[in-house]
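Here is what each chain is made of, one letter per residue.
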Amino acid sequence: MFKRRVLVIATTFPRWNGDSEPRFILDFAKSLLPYADVTVLVPSSPGALDKEVMEGVKVERFHYFPVHEKETLTAPGAMVSRIKEDKKRGLLLPFFYKAFIREIQNRIGTFDVLHANWVIPGGYVAYQALKMTNVPYVITCHGSDINSLNNSVFINMKKKALANAWGVTTVSSDLMSNTLKLYPHRKNAVISMGVDVSKFGEQHRKDNYFKQNGKKVALFVGRLVGVKGTEYAIRAMEHIPNTRLVIVGDGELKKELKKLASGLTDKLAAVNSDIVFAGAKTHDKLKTIYASADVLVMPSVTAKAKEGFGIVLLEAASSKLPIVASNSGGIPTLIKDGENGLLTEERDVEGIAEAINKVFNDSA
């Protein structure tokens with residue numbers, strides 16, 4: 001069988017086996033293997049191999065700074081968050097863009113089509129690298145790349161990338177609407193990222209896994225950034241009795257969120273509830289974490305960006321975990337209120353608490 005050669009580029013990708021970084025690009029690349037010869041090109045990170053095969057996928061990592069230990073722009077966490085945590089990382093951007101473009105150009109002739117994830121930086125890098133060639137590229141927009149970074153400079157970069165793409169996909173219909181407002185590309189499709197449902201399920205449940213000792217467990221999984229709305233899950237806990245909120249993830253707001261939780265200690269004690277920050281976890285541990293909780297809470301909000309899709313929702317649903325989520329961004333693409341989850345309004349603390357209590361009090 002003849003297979004097209006596909007080069008997939010991204011900035012979020014596992015650095016090694018067992019990494020806690022999101023793996024949806026790896027899962028996507030794996031799904032292409034029966035149909036294409038796939039290579040994934042991603043930035044290097046300290047401790048990561050330059051070349052390896054991960055679960056059958058060829059992975060190549062490029063260096064963008066002379067000092068390898070300083071290549072910390074893209075992980076752990078997203079690029080924008082990394083720069084917010086340490087503004088000096090912004091100085092790496094010119095090196096990063098130049099190296100990314102060069103690495104693609106050096107590979108021209110070894111692939112038939114390029115798949116760029118995120119319009120910035122991936123789509124713009126693809127545009128710059130391939131604009132003098134006939135090699136087509138496709139852009140997949142994931143959320144933050146369209147819903148944020150919207151000053152005039154970035155908007156111009158996005159429009160150039162989208163205008164010259166062979167096709168454009170987004171992970172939700174809400175995101176497609178915003179993408180087409182930016183540039184009305186005729187070849188477009190909504191194609192969501194997916195998860196391997198066989199890796200999740202109730203069979204991974206462990207009793208008292210969170211040492212909750214009889215309490216119900218409300219679970220939050222995600223980066224601790226503004227768009228995820230973690231603070232509203234925390235504030236809701238003073239209205240939810242006999243419950244432990246387990247927060248899995250890391251990010252720029254961790255200190256602020258811990259301070260918020262600490263300030264609610266007395267109110268939480270009054271209803272016999274508490275909050276645990278568990279940090280980032282590997283994908284292998286997540287299957288047990290989902291299965292051992294009692295409800296997933298995803299209180300995403302529209303801030304400088306909004307939720308593009310929410311792979312966490314798919315992982316939780318695959319684990320048969322009830323879901324309470326906000327009616328924000330691409331979430332309604334997956335969650336239909338009262339059918340496969342409960343939707344609340346954004347920032348509605350009492351609504352979140354009411355929905356979680358409803359889940360706990362109604363086994364159906």
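For the structure, check the block above.
Reference entry: report on the structure contained in this document.

Cut-off values and rules
Residues numbered from 1 in each chain as written. Predicted model: local features only at pLDDT ≥ 70, side-chain atom pairs only at ≥ 80, totals over all residues. Heavy atoms only, no water. Pairing = 2+ DSSP bridges. Helix = DSSP H or I, 4+ residues; strand = E, 2+ residues; numbered from the N terminus. Axes fitted to C-alpha atoms, helices over the stretch in contact; angles between N-to-C directions. Contact = heavy atoms within 4.5 Å. Buried < 20%, exposed > 50% of the residue type's maximum accessible area, 1.4 Å probe, protein only. Core = buried A, V, L, I, M, F, W, Y, C linked by side-chain atoms within 4.5 Å. Expected span 1.5 Å × (residues − 1). Lys, Arg positive; Asp, Glu negative; His and termini not counted. Salt bridge = Lys/Arg side-chain N within 4 Å of Asp/Glu carboxyl O. Polar contact = N/O pair within 3.5 Å; in protein donor to acceptor, adjacent residues only side chain to side chain.

Some remarks on the sheet that holds strand β5 (residues 113-117)
Taken together, the eight strands give an open sheet; going across it, the order is β3-β4-β2-β1-β5-β6-β7-β8, and neighbouring strands pair in mixed fashion. Two strands lie at the open edges of the sheet, namely β3 (51-54) and β8 (188-190), each paired on one side alone. Within the sheet, the average angular offset between the axes of one strand and its neighbour, ignoring direction, is 25°. Bridging between strand β6 (residues 137-141) and strand β7 (residues 167-170) involves four bridges; their strand directions are parallel. Looking across to β7, one finds that Val138 is bridged to Gly167. Against the sheet, helix α6 (residues 152-163) engages β6 and β7, with an angle of about 130° to β6.

Description of the environment of Lys30
Within the secondary structure layout, Lys30 lies in helix α1 (residues 24-32). Overall, the relative accessible area of 26% leaves Lys30 in the partly exposed class. Taking the C-alpha atoms as reference, Lys30 lies 7.5 Å from Glu55; in sequence the two are 25 residues apart. Beyond its immediate stretch of four places on either side in the chain, Lys30 contacts Arg23, Glu55, Val57 and Lys199.

Regarding the nonpolar core
Judged by nonpolar contacts, the single largest core of 79 residues is most densely connected at Ile104, Leu114, Ile139, Leu219, Tyr290, Leu296 and Leu313. The element that contributes the greatest number of residues to this core is helix α4 (residues 118-130), accounting for nine residues. Residues contacting Leu114, with those up to four places away along its chain left out, are Leu7, Ile9, Ile104, Ala126, Leu130, Pro136, Tyr137 and Val138. One finds Ala236, Ile275, Ala353 and Ala355 within the second-largest nonpolar core, a separate group that totals 30 residues.

Considerations on unusual backbone geometry
Negative phi characterises most residues that are not glycine, and trans characterises most peptide bonds. Here the amide bond leading from Ala75 into Pro76 is cis, since omega sits at -5°, within 30 degrees of zero. Within the fold, Pro76 resides in the loop between β4 (57-62) and α2 (79-85). Although it is not a glycine, Asn208 adopts a positive phi angle of roughly 55°. In this fold, Asn208 is placed in the loop between β8 and β9 (216-221). Looking at Asn208, the relative accessible area reads 35%, which means it is partly exposed. The residue Asn242 is not glycine, and still its phi comes out positive at about 55°. If you trace the backbone, Asn242 turns up in the loop between α8 (230-236) and β10 (243-248).

Regarding helix α3 (residues 93-106)
Taking 1.5 Å of rise per residue, 14 residues should cover 20 Å, and α3 covers 20 Å from first to last C-alpha, within 8% of that figure. Among all positions in α3, only Phe96, Tyr97, Ala99, Phe100, Ile101, Glu103 and Ile104 are buried.

Here's the deal with the environment of Ile139
Its place among the elements puts Ile139 in strand β6. When its relative accessible area of 0% is taken as the criterion, Ile139 is described as buried. Residues Ile139 and Lys159 lie 20 residues apart in sequence; the distance between their C-alpha atoms is 12 Å. Beyond its immediate stretch of four places on either side in the chain, Ile139 contacts Ala116, Trp118, Val119, Gly123, Ala161, Leu162, Ala165, Gly167, Val168 and Thr169.

With respect to the side chain of Glu71
Here Glu71 lies in the loop between β4 and α2. One buried charged residue, Glu71, forms no salt bridge at all, with the nearest opposite charge on Arg102 at 8.3 Å. A polar atom in the side chain of Glu71 sits 2.9 Å from the side chain of His63. At 2.6 Å, the side chain of Glu71 forms a polar contact with the side chain of His68.

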